[in-house]
Amino acid sequence: MTDSSYDVVEVVAMQLIGSDASVIPVSAELSFRTSDPYTVRAVFTGPHTMSTWLIGRELLSMGMHAASDAPAGSGDVQVWRDEDPDYALVSLSGVEGSALLAAPSAPIVRFLERTEELVPLGAESDRMESEISAFIAALLTA
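Quick look at the structure, then. Since this is a predicted model, take the numbers as computed values, not measurements. Residue positions are counted from 1 within each chain, in the order its sequence is given. Local features in a predicted model are, by the rule used here, given only for residues with pLDDT of at least 70; side-chain atom pairs are given and counted only at 80 or more, and totals for whole chains, interfaces and linings are based on all residues. In computing side-chain properties, one takes all heavy atoms of the structure into account and sets aside hydrogens as well as water.

### Looking at the pairing of strand β1 (residues 8-17)
Thought 1: Sheet analysis places β1 next to strand β2 (residues 23-32), joined by 10 bridges and oriented antiparallel. In the sheet register, M14 faces β2, and the bridge partner there is V26.
Thought 2: Once β1 ends, the chain turns through 5 residues before running back antiparallel as β2, passing A21 with a positive phi of about 70°.
Thought 3: Across 3 bridges, β1 lies against strand β7 (residues 97-104) in antiparallel orientation. In this analysis, strands are considered paired if DSSP registers two or more bridges between them. By definition, any uninterrupted DSSP run of H or I lasting at least four residues is a helix, any uninterrupted run of E lasting at least two residues is a strand, and each is numbered from the N terminus.

Structure below.
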């Protein structure tokens, strides 16, 4: 399932935590492109379903330093460290419902470090300057 067009890919074993405290294993493939440095593509695959989410890289990074009483994100995606810092929690809310996922922190941190080696946080706009200029030029000539 790994797509070679991504510059960084990390597969993370997660657990979907049900409202009844049941646990279902889920695989999450986190992908990053330097050409789209603000975004992390997350493909969640469970026993009978697959769902793709686009998550802000900065939000994911901030979540690795956030606690449950002040998670990173205020919308459909929230991320924070569990009471046990070896684990992170990801809350997803959408039209079809909501999900709470638990994952070991280490592979997420490793993924983020690899993305930051390519495009440091805060330097994303420098990477996209030519795309933004081309987009503006296309709008002005349309």
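### A word on the sheet that holds strand β6 (residues 87-94)
Thought 1: In space, the 7 strands of this open sheet follow the order β4-β3-β2-β1-β7-β6-β5, with antiparallel pairing throughout. Whereas interior strands pair on both sides, the edge strands pair on one side only; in this sheet they are β4 (50-56) and β5 (77-81). Shown here is a sheet whose adjacent strand axes are inclined to one another by a mean of 30°, direction ignored.
Thought 2: Note: strand β3 (residues 39-45) against β4, 7 bridges, orientation antiparallel. Residue pairing in the sheet places F44 in a bridge with S51 of β4.
Thought 3: Against the sheet, helix α2 (residues 105-118) makes contact with β1, β2, β3, β5, β6 and β7, and its axis sits at roughly 150° relative to β1, the strand it touches most. In this analysis, axes come from line fits to C-alpha atoms, helices being fitted only over the stretch in contact, and the angle between any two N-to-C directions falls in the range 0 to 180 degrees. The contact definition used throughout considers only heavy atoms, calling two residues in contact when any of these lie within 4.5 Å.

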